[in-house]
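Residue-level listing of the chains:
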Amino acid sequence: MGRFREIVSFMKVRKKWWLTPIIVVLLLLSLVLVLSQGSALAPFIYAIF
């Protein structure tokens, strides 16, 4: 949680709220990749990238 707090405080101080959607999308993509790694969807997801 320390990294999360550090990123949020950085965005507050520097007024970089435009980074929020980018971070959310990156987290969602990484979550999809990790969760589908052992499933039958893996070949289709890797084909996208």
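Data block above holds the structure.
From a predicted model like this one, the values you see are computed outputs, not experimental measurements.

Q: Explain a nonpolar patch on the surface to me, using residue names and the numbers behind them.
A: Taken together, V24, L28, L31, V34 and L35 make up a surface patch of nonpolar side chains, about 490 Å² in accessible area. Checked against the element boundaries, V24 lands in helix α2 (residues 19–35). Given the relative accessible area of 42%, V24 is considered partly exposed.

Q: Go over the packing of helix α1 (residues 2–14) against α2 with me, naming the residues and quoting the values.
A: Orientation of α1 relative to α2, taken along the N-to-C sense of each, is 155°, at an axis distance of 11 Å. One way to sum up the angle between α1 and α2 is to call them roughly antiparallel. Each of I7, F10 and M11 in α1 lies in contact with α2, whose residues at this interface are L19, T20 and I23. Of the residues that constitute the contact of α1 with α2, the class distribution is five nonpolar, one polar and no charged.

Q: Explain α1 residue by residue, including any values.
A: With 13 residues, α1 should reach 18 Å at 1.5 Å per residue; the first-to-last C-alpha distance of 18 Å fits that figure. Taken across its 13 residues, α1 has one buried, putting it largely on the surface. Note on α1: the residue one or two positions beyond its end, K15, has a positive phi of about 55°.

Q: I'd like a rundown of unusual backbone geometry, residues and numbers included.
A: A positive phi angle is found at K15, which is not glycine, with a value near 55°. Examined against the element boundaries, K15 turns out to sit in the loop between α1 and α2.

Q: Break down the environment of V8 for me, citing the residues and quoting the values.
A: Summarising the element assignment, V8 is placed in helix α1. Of the residues examined, V8 reaches a relative accessible area of 23% and is grouped as partly exposed. The spatial distance from the C-alpha of V8 to the C-alpha of T20 is 9.0 Å, given a sequence separation of twelve residues.

Criteria and thresholds
Residues numbered from 1 in each chain as written. Predicted model: local features only at pLDDT ≥ 70, side-chain atom pairs only at ≥ 80, totals over all residues. Heavy atoms only, no water. Patch = residues over 30% accessible without salt bridge, like charges linked within 9 Å, V, L, I, M, F, W, Y side chains within 5 Å. Areas by Shrake-Rupley, 256 points an atom, 1.4 Å probe, with all protein chains shown as cover. Salt bridge = Lys/Arg side-chain N within 4 Å of Asp/Glu carboxyl O. Helix = DSSP H or I, 4+ residues; strand = E, 2+ residues; numbered from the N terminus. Buried < 20%, exposed > 50% of the residue type's maximum accessible area, 1.4 Å probe, protein only. Axes fitted to C-alpha atoms, helices over the stretch in contact; angles between N-to-C directions. Parallel < 35°, antiparallel > 145°, perpendicular 65-115°, else oblique. Contact = heavy atoms within 4.5 Å. Nonpolar A, V, L, I, M, F, W, Y, C, P; charged D, E, K, R; others polar. Expected span 1.5 Å × (residues − 1).

This is a description of form; function is not addressed.
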